[in-house]
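# Observations on the model geometry
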Amino acid sequence: MTELEELVLTPGERARGVQVDRVIFTMDWSGEEVPGELAAFVAARVRAFGVEPTDVDTDVVHRAAEAGPTPRRGDFPIRQLDHLSGVLAPLGCTLMVPDSGNDTYEVLVALTGEREPTGLTHQDIPVRAWGSQPEETLISLDCPNCSETQVWQLPAAQTLADERCTCGVTLFDAVGRPLPHVTLHD
């Protein structure tokens, strides 16, 4: 049994052989299919750990989005995950996400208490607390000179200092910031 299973499954679920994949909520990068699904999933997982959730909803996020500037497509799920992560901390739970590199959010709720969950994997993919730095960074852009797509997957501490396109145009400065004529893909 891995440490991740001990954090995201209840003892009863582990005894029944429930797999981690059965307690993952998957949400497209653009948001929930049905409003409230994410909050309901998180509340159910917290209850499974024997903790009564308070304020585990995203109504406050919906109200803030209605009152402020309209979020761009894809902004709202990030706001929801940020909010829920903050709500879970006082309950001794942590919102976790696998760094799978795809455009969906796969969400786990872990019972962590006060310890920081690090070094976890699921199916050989790193799993980290929402809001923490990923172990790797994916950077993608189209060269402003030749339009060739450039993609790098780097360890979090590595930069693209002085990186050039194969056509020769410089894309990043000496410390790894994109030059003004370079636009990174979101």
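Look a little higher up for the structure.
So, here is what we can say about the structure in this document. (Residues numbered from 1 in each chain as written. Predicted model: local features only at pLDDT ≥ 70, side-chain atom pairs only at ≥ 80, totals over all residues. Heavy atoms only, no water.)

## Remarks on the packing of aromatic side chains
If you walk through the whole model with that rule in mind, you get three aromatic pairs. For the ring pair Tyr105 and Trp130, a centre distance of 5.8 Å and an interplane angle of 75° mean the geometry is edge-to-face. Taken together, the residues Tyr105 in strand 3 (residues 104–111) and Trp130 in the loop between strand 5 (125–129) and strand 6 (136–142) connect sequence positions 25 residues apart. With a relative accessible area of 16%, Tyr105 lands in the buried category. On the basis of relative accessible area, Trp130 is assigned to the buried category, the value being 16%. Over the face of the ring belonging to Phe49 we find Arg45, whose NZ or CZ atom lies 5.5 Å from the ring centre. (Phe/Tyr/Trp six-rings, centres within 6.5 Å; stacked < 30°, edge-to-face > 60°. Helix = DSSP H or I, 4+ residues; strand = E, 2+ residues; numbered from the N terminus. Buried < 20%, exposed > 50% of the residue type's maximum accessible area, 1.4 Å probe, protein only. Lys NZ or Arg CZ within 6 Å of the ring centre and 35° of its normal.)

## Observations regarding the layout of surface pockets
As a volume, the second largest pocket reaches approximately 170 Å³. If you go around the second largest pocket, you meet 14 residues; those closest to its centre are Ala89, Cys93, Thr94, Thr112 and Ala129. Those elements giving two or more residues to the lining of the second largest pocket turn out to be helix 5 (75–88) and strand 2 (93–98). A per-element tally of the lining of the second largest pocket places strand 2 first, with three residues. (1 Å grid on protein atoms, 1.4 Å probe; cavity = no way out; pocket = protein on both sides within 12 Å on 5 of 7 lines; lining within 4 Å. Points joined across faces, edges and corners; volume = space filled by probe spheres on them.)

## As for the nonpolar core
Formed by 22 residues in total, the largest nonpolar core has its most connected members in Val42, Leu95 and Val109. When residues in this core are grouped by element, the largest group, five residues, is from helix 3 (residues 37–48). Setting aside its immediate chain neighbours within four residues, Val42 contacts Val56, Leu84, Leu88, Leu95 and Val109. Counting residues in hydrophobic clusters, the runner-up holds twelve residues, among them Leu4, Val20, Ala110 and Ala129. (Core = buried A, V, L, I, M, F, W, Y, C linked by side-chain atoms within 4.5 Å. Contact = heavy atoms within 4.5 Å.)

## Points about the environment of Cys146
As for its position among the elements, Cys146 is in the loop between strand 6 and strand 7 (149–155). Through-space distance from the C-alpha of Cys146 to that of Thr166 is 9.1 Å; in sequence the pair is 20 residues apart. Sequence-distant contacts of Cys146, defined by excluding residues within four places in its chain, comprise Cys165 and Cys167.

## Some remarks on the sheet that holds strand 2
Overall, antiparallel pairing links the five strands, which are arranged 1-3-2-5-4 in an open sheet. Because the sheet does not close on itself, it has two edges, and the strands there are strand 1 (25–28) and strand 4 (120–122). Across the sheet, the axes of successive neighbouring strands diverge by a mean angle of 35°, strand direction being ignored. The sheet contact formed by strand 2 and strand 3 spans four bridges and is antiparallel. Bridge assignment links Met96 to a residue of strand 3, and that residue is Leu108. Helix 3 contacts strand 1, strand 2 and strand 3 of the sheet and is inclined by roughly 25° relative to strand 3. Lying over the sheet, helix 5 contacts strand 1, strand 2 and strand 3, oriented at roughly 145° with respect to strand 2. (Pairing = 2+ DSSP bridges. Axes fitted to C-alpha atoms, helices over the stretch in contact; angles between N-to-C directions.)

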